[in-house]
Amino acid sequence: MTLVNSAFDFAFAPFADRPPLFALVVFSVATAFVLLLVYRFASNQRAIRRVKNLLQAHLLEVRLFQDQLGVVWSAYGKLLRATFSYLGWSLLPLLIVALPITLLIAQMELRLGSRPLLPGESALLVVRVDDPAAVDRISLQLPEGVVETAPLIRIPAERQVVARLETRLVGRSEILVNDGAASASKEIVTGSGLERISAQRLRGGWLDRLLGPGEDALPRSSPVTSITLEYPDRPIGLGLVGVNWLVVYFVVTLAAAFVMKPFIGAEF
Amino acid sequence: MPRNSSCRAFGRRALFLALACLLLPSAAAAYVGPGAGFAVLSSFLTLLLAFFYAFLALLTWPVRQLWRWRRGRKAFQKARVERVIIVGFDGMDPELAARWMRQGKLPHLARLARTGTFRPLATTHPPISPVAWSTFLTGVNPGKHNIYDFLARDRQTYLPFLSSAQVLGPRRWLHFGRRAIPIGRPEIKALRKSKPFWQYLGEAGIFSSIIRVPVTFPPEPFSGVLLSGMCVPDLRGSQGTFSFFSSREGTGGKQEGGVLLPLVQEGEVWRGELTGPENPFPEEGSRDLTLPLRIRPDAVRRRVEVEIDGQRIGLRQGEYSDWISLRFRAGFGINAQGICRMYLRSVQPDIELYVTPVQIDPRRPALPISHPYAYSIYLGKLHGPFSTLGLAEDTWALNHGALDDPAFLQQCYQIHAEREQMFFDALDKTRRGACICVFDITDRVQHMFWRHMEPDHPAAPKGEPPDSGVIETLYQRMDALVGRVLDRAGPDALVLVVSDHGFKSFRRGFNLNAWLHREGYLSLVSGSTVSEQWFRHVDWQRTRAYGMGLNGLYLNLSGRERHGIVQPGEEADALLGELREKLPGITDPDGGRVAIREVFDTREVYDGPYRENAPDLLVGYASGYRAAWESVNGSVQGEVFLDNMRAWSGDHCIDPHEVPGVLFANRVISGEDHSIADVAPTILQLFGLPVPRHMDGKPWSVRMEPAPAPSGPVAAAAPSAGD
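Residues numbered from 1 in each chain as written. Chains lettered and ligands numbered in written order. Predicted model: local features only at pLDDT ≥ 70, side-chain atom pairs only at ≥ 80, totals over all residues. Heavy atoms only, no water.

## Describing the sheet that holds strand β2 (residues 117-121) of chain B
All names here are of chain B.
Consideration 1: Taken in spatial order, the 8 strands line up as β2-β35-β26-β1-β25-β9-β10-β24 in an open sheet, and their pairing is mixed. Each edge of the sheet is formed by a strand with only one pairing partner; in this case those strands are β2 and β24 (370-371).
Consideration 2: As paired strands, strand β1 (residues 83-89) and strand β25 (residues 433-439) are joined by 7 bridges and run parallel to one another. Note on β25: the bridge partner recorded for Val-87 is Cys-437.
Consideration 3: Sheet strands touched by helix α4 (residues 94-102): β2 and β35 (661-665). Its angle to β2, the strand with the most contacts, is close to 150 degrees. (Pairing = 2+ DSSP bridges. Helix = DSSP H or I, 4+ residues; strand = E, 2+ residues; numbered from the N terminus. Contact = heavy atoms within 4.5 Å. Axes fitted to C-alpha atoms, helices over the stretch in contact; angles between N-to-C directions.)

Next up, the structure:
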């Protein structure tokens, strides 16, 4: 995972000091390009074109013969069948792109999902444990420039410990969480650029690590199941409104795909 | 082995991982990737649109019903029939049909003859498809629908124009220096007058599906769906211009209905240019839009690879391509989308590639070719691209040798298969109302293959055995089609099989203009002994009569024609009388047969507000004769009688009494003298609607109860056959 993180750090480096929308658009267009290539070469383009034509034909059928209810209902049946058929033909390219896209999105989430803390800004740190008894054993060891602004709150019923922290120095440092026997670290990032931010460190299996690749997993023997630092969201500003980066990514990818489709000759 | 098994294990893991990414709810909810987005969004939009339509249709259905009721649309209230299906076979001949029914070769038509009706159907003056089908759909004589031939003449210039429709350029242009951009769509003017019967049905709330009935371009709005037929132009605006590429030296030039284009060699590749529509920016020059074409031959495997508009098409010798979509780019984002098919005639010694006329793409029509506009798009999306040209079967290409007999026949059946597919779809959709389709293949194949049935025909194949069974096979295939229609129609529907005219041999051409010249009715400018096409060297100041089109003879009437010299009234009447006396009975010096049976004065056979646009006389040729090719296009040259040496060897543009059409029905239709003009009023009456008084046809008496099948032979019901 370190290798993947490093590769994406490298890819995002040129955008570090630019508005996040810039990086988002570039990655969305690149994604669309790759996806079109996958569709073009890995799917049965003829079948997809045929089934799309059928979908359009049956839609028109509903409109053209709207006074004939029998024809209209039969057209709905055919529409449904063609829709499933279309999904079926799209399955292979979807399978091919599913893993890389998931990795990509996880990496983009690390950079675009939240922003680093600003100096003087506070955030909650939530430590979750297996055993309610372990709640009392949890203690924190804070790096230079990070201070607790309130005493630790221990909630055995919810098996968690909550701390409010404030950062004073720009940079990357590590908080140590002690459970009495061992300690685990959690990264804290302060600054203003397009930094890789891991909001959560998990003890989970491969799937959790796949979806949260920012930090190594917590040791399996640790009573701590997760350490979460609640960074502020990073909404992508679109004029007066800010939206989640995933929405922009989805829309730009689709739009770019539609624009590039005739040049690549891909049907989707 | 271990390597294979580890590969398989890796593959399984990868597949599992990919599936997990797609299917795990948490992952899917959080990470709807754009890949899945393509598929999901498209499907979702489709379903959303479908349900929106459904909702709208259901919501508005009572309102629409109420609206109909309020407007007095009591569809089917007095109807004697729920559904009428009309299968039109252009040019199906009653004598041939009777002959092959008697021989047991047309079982389904014979069944209709036995249990329902089989009669000759009187055609129009003249018996030409656009005229007869116009009468079929309007129920009136040509004097009321204004169609007298494929072509009509401009009285000012004596030049021809298409009689059914006129496509005019956009009215307004935006000028940018030397360039001009058209604003708005081209204007299409319908020249056929009078209302088709399906408009009356529509007004009464009865739905109709009309497929490729001739002279339905431009499509007119009504309650139903219609795909235009004969007279739909190609992308160049012509009635069909094929391209024939050849690497043979000296190739080039125009032919009737086509262009011959040279291929230029560059290394292993041959280059050419396919001509498309006219450049819409006229100030750029009058050049047509073109697409470069590259051919890479493989003489050993007798195939070529054609590269055009970014596509590579592999073709074997003697093989047609699928429909190829082409986009001609005019600049400023203006494109013309067309479709064509290619046929590789030979690879060695010369490359010969035939390209069909570039036709309007039904999925993106450059001109409206259907009503509603989306109907052609629907058909194109459902069945794939199809031939949209009015005269789709390329008879010119066979006439000029760009196609050979088998290739032409293959093309005809390809087009026919498309038509059948559309017709059966329309049949499924039209559960109540009228469903009408006209199949042209019967006309085209008889025109082009009659010479195979007559070994002594001037155009009979030389040096190769004739395929005398082509037309018989054609009739058998149409019979099978009728069988399928009857199976689908069910017992309650009225099924009519009609043709607009019959067929006869065309062995000798009568050169009307040469005869008029010889007899002193038509004069040429001094110094000329012949005239090129369209009366180029005719001296109108000394010409009293001229022939144009297939049967028309016009007086050069003062006050009507620009240079008219014949005074209306007595002089004109006398001239008409003289011509009517001289022409009938003219005998062919070769064999002494009578070439012209009768000449009709159109004042006697036509009645209606557009009679003045008609020719003054119609020449009714005898069987075996027709207007010579040289005369039809307004040239004055050659002998009066000429052998017809073209593949176009059968015809029907003769005396209408010689070439009636057919009428088959699955019900008993009583009475005598059935005419094609009767179809429209009969349909209206069967649906319980009043027959408009202006209609000339008379409704038939149709017994709707199915008759018990008589056991007698087919011949009892068939007219006398000419075999």
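## Concerning the pattern of salt bridges
Should the charged atoms of two oppositely charged side chains come close, the side chains can pair.
All names here are of chain B.
Consideration 1: Per the counting criterion, the structure on display carries 55 salt bridges over all chains.
Consideration 2: When the shortest N-O distance is used, the salt bridge between Arg-451 and Asp-405 registers 2.7 Å. You can see Arg-451 sitting in helix α12 (residues 441-453) and its partner Asp-405 sitting in helix α11 (residues 405-429), a full 46 residues away along the chain. The pair Arg-451 / Asp-405 is uniform in exposure class, with both members buried.
Consideration 3: The salt bridge partner of Asp-655 is Arg-597, with a shortest N-O separation of 2.9 Å. (Salt bridge = Lys/Arg side-chain N within 4 Å of Asp/Glu carboxyl O. Buried < 20%, exposed > 50% of the residue type's maximum accessible area, 1.4 Å probe, protein only.)

## A few points about the pairing of strand β16 (residues 288-298) of chain B
Residue and element names in this part refer to chain B.
Consideration 1: By the bridge criterion, 7 bridges tie strand β15 (residues 269-278) to β16 in an arrangement that is antiparallel. The partner of Arg-271 across the bridge, within β16, is Arg-294.
Consideration 2: As paired elements, β16 and strand β17 (residues 303-308) share 6 bridges and run antiparallel to each other. What sits directly across from Ile-295, in β17, is Val-306.
Consideration 3: Count of turn residues in the β16/β17 antiparallel hairpin: 4 residues, of which Arg-302 carries a positive phi of about 50 degrees.

## Concerning the nonpolar core
Residue and element names in this part refer to chain B.
Consideration 1: The biggest cluster of nonpolar side chains holds 69 residues, and the ones touching the most others in it are Tyr-375 and Phe-664.
Consideration 2: The element best represented in this core is helix α13 (residues 470-489), accounting for 10 residues.
Consideration 3: Membership of the second largest hydrophobic core comes to 47 residues, among which are Leu-512, Tyr-521, Leu-576 and Cys-653. (Core = buried A, V, L, I, M, F, W, Y, C linked by side-chain atoms within 4.5 Å.)

## What about the packing of α11 of chain B against α12 of chain B?
Residue and element names in this part refer to chain B.
Consideration 1: Running from N to C, α11 and α12 point in directions that differ by 165 degrees, and their axes come no closer than 10 Å. Accordingly, the angle class assigned to the pair α11 and α12 is roughly antiparallel. As α11 packs across α12, the resulting crossing turns out to be left-handed. On α12, the residues that touch Asp-405, Phe-408, Leu-409, Cys-412, Tyr-413 and His-416 of α11 are Ile-441, Arg-444, Val-445, Met-448, Phe-449, Arg-451 and His-452.
Consideration 2: Grouping the amino acids of the contact of α11 with α12 by side-chain chemistry returns 8 nonpolar, 2 polar and 3 charged. (Parallel < 35°, antiparallel > 145°, perpendicular 65-115°, else oblique. Left-handed = near helix turned anticlockwise from the far one by under 90°. Nonpolar A, V, L, I, M, F, W, Y, C, P; charged D, E, K, R; others polar.)

## Quick notes on the environment of Glu-598 of chain B
Residue and element names in this part refer to chain B.
Consideration 1: Here Glu-598 shows up in strand β30 (residues 596-601).
Consideration 2: As for Glu-598 and Leu-409, which are separated by 189 residues in sequence, their C-alpha atoms are 35 Å apart.
Consideration 3: Here Glu-598 is in contact with Pro-584, Leu-618, Val-619, Gly-620, Asp-655 and His-657, once residues within four sequence places are set aside.

## Observations regarding unusual backbone geometry
Trans peptide bonds make up most of the peptide bonds, and negative phi angles are found at most residues other than glycine.
All names here are of chain B.
Consideration 1: Put simply, Gln-348 and Pro-349 share a cis peptide bond, and its omega is 0 degrees.
Consideration 2: Mapped onto the fold, Pro-349 is located in the loop between β21 (342-346) and β22 (352-355).
Consideration 3: Pro-372 follows His-371 through a cis peptide bond whose omega is -15 degrees.
Consideration 4: The residue Pro-372 is located in the loop between β24 and α9 (373-383) in this model.
Consideration 5: The backbone of Asn-146 shows a phi angle near 75 degrees, a positive value even though the residue is not glycine.
Consideration 6: We note that Arg-212 has phi near 55 degrees; this positive angle belongs to a residue other than glycine.
Consideration 7: Residue placement: Arg-212 occurs in the loop between β9 (208-211) and β10 (224-227).
Consideration 8: Under the relative-accessibility criterion, Arg-212 is labelled buried at 1%.

## Things to note about a nonpolar patch on the surface
Consideration 1: Together, Phe-33, Val-34, Leu-37 and Phe-41 of chain A make up a nonpolar patch on the protein surface, roughly 390 Å² of accessible area in all.
Consideration 2: Inspection of the secondary structure assignment puts Phe-41 of chain A in helix α2 (residues 20-42). (Patch = residues over 30% accessible without salt bridge, like charges linked within 9 Å, V, L, I, M, F, W, Y side chains within 5 Å. Areas by Shrake-Rupley, 256 points an atom, 1.4 Å probe, with all protein chains shown as cover.)

## Focus: α13 of chain B
Residues and elements named next belong to chain B.
Consideration 1: Taking 1.5 Å as the rise per residue, α13 with 20 residues should run 28 Å; its terminal C-alpha atoms sit 28 Å apart, in good agreement.
Consideration 2: Those residues of α13 lying buried are Val-470, Ile-471, Leu-474, Tyr-475, Met-478, Asp-479, Leu-481, Val-482, Gly-483, Val-485, Leu-486 and Ala-489.
Consideration 3: Immediately downstream of α13, the backbone of Gly-490 shows phi near 80 degrees, a positive value. (Expected span 1.5 Å × (residues − 1).)

## Some details on the pairing of strand β13 (residues 258-262) of chain B
Residues and elements named next belong to chain B.
Consideration 1: Pairing between strand β11 (residues 242-246) and β13: 5 bridges, direction parallel. Across the sheet, residue Phe-244 finds its bridge partner in β13, namely Leu-260.
Consideration 2: Pairing of strand β12 (residues 253-255) with β13, which is carried by 3 bridges, proceeds in the antiparallel orientation. Paired with Gln-255 across the strands is Gly-258, a residue of β13.
Consideration 3: Linking β12 back to β13 in an antiparallel pair, the connection comprises 2 residues, with Gly-257 at a positive phi of about 80 degrees.

## Details of the packing of aromatic side chains
All names here are of chain B.
Consideration 1: The full count for this structure, using the stated rule, is 37 aromatic pairs over all chains.
Consideration 2: Here Trp-198 and Phe-222 contribute two aromatic rings whose centre-to-centre distance is 6.4 Å and whose plane-to-plane angle is 50 degrees, an arrangement assigned as tilted. Of the two residues, Trp-198 is situated in helix α8 (residues 197-203) and Phe-222 in the loop between β9 and β10; the sequence distance between them amounts to 24 residues. The burial state of Trp-198 is the same as that of Phe-222; both residues are buried.
Consideration 3: Ring plane angle 85 degrees and centroid distance 5.7 Å describe the contact between Phe-423 and Phe-439, whose orientation is recorded as edge-to-face. Here the residue Phe-423 occupies a position in helix α11, and Phe-439 occupies one in strand β25, the gap between them amounting to 16 residues. Take Phe-423 and Phe-439: they sit in the same class, and that class is buried.
Consideration 4: An aromatic cluster of at least three residues, connected via ring pairs, comprises Phe-510, Trp-515, Tyr-521, Tyr-621, Tyr-625 and Phe-641.
Consideration 5: A cation over a ring is seen here: Arg-432 above Phe-76, with NZ or CZ 3.9 Å from the ring centre.
Consideration 6: Positioned above the aromatic ring of Trp-629 is the side chain of Arg-626, whose terminal nitrogen or guanidinium carbon lies 4.4 Å from the ring centre. (Phe/Tyr/Trp six-rings, centres within 6.5 Å; stacked < 30°, edge-to-face > 60°. Lys NZ or Arg CZ within 6 Å of the ring centre and 35° of its normal.)

## Focus: the environment of Arg-192 of chain B
Residues and elements named next belong to chain B.
Consideration 1: Assignment of secondary structure puts Arg-192 in the loop between β8 (187-190) and α8.
Consideration 2: Each C-alpha atom of the pair Arg-192 and Pro-160 lies 16 Å from the other, and the pair is 32 residues apart in sequence.
Consideration 3: Ignoring any residue separated from it by four or fewer positions in sequence, one finds Arg-192 in contact with Ser-134, Leu-137, Thr-138, His-145, Ile-147, Ser-164, Val-215, Thr-216 and Glu-220.
Consideration 4: At a separation of 2.9 Å, a polar atom in the side chain of Arg-192 contacts the side chain of Glu-220. (Polar contact = N/O pair within 3.5 Å; in protein donor to acceptor, adjacent residues only side chain to side chain.)

## Considering helix α18 (residues 679-686) of chain B
Residue pairs three or four apart in sequence face the same way in an α-helix, which turns once every 3.6 residues.
Residue and element names in this part refer to chain B.
Consideration 1: The buried fraction of α18 is high, at 7 of 8 residues.
Consideration 2: If you check which residues of α18 are buried, you get Val-679, Ala-680, Pro-681, Thr-682, Ile-683, Leu-684 and Leu-686.
Consideration 3: If you follow the buried residues of α18, they end up packed against β1, α6 (129-138), α8, β26 (494-498) and β37 (701-703).
Consideration 4: Following α18 by one or two positions, Gly-688 has its phi on the positive side, about 75 degrees.

## A closer look at the environment of Arg-507 of chain B
Residue and element names in this part refer to chain B.
Consideration 1: Secondary-structure assignment places Arg-507 in strand β27 (residues 504-510).
Consideration 2: Using a relative accessible area of 17% as the deciding quantity, one classes Arg-507 as buried.
Consideration 3: Among residues more than four places away in sequence, those in contact with Arg-507 are Glu-454, Asp-456, His-457, Pro-458, Arg-593, Gly-624, Leu-642, Asp-643 and Asn-644.
Consideration 4: A polar atom in the side chain of Arg-507 sits 3.1 Å from the side chain of Asp-456.

Nothing here speaks to function; it is geometry throughout.
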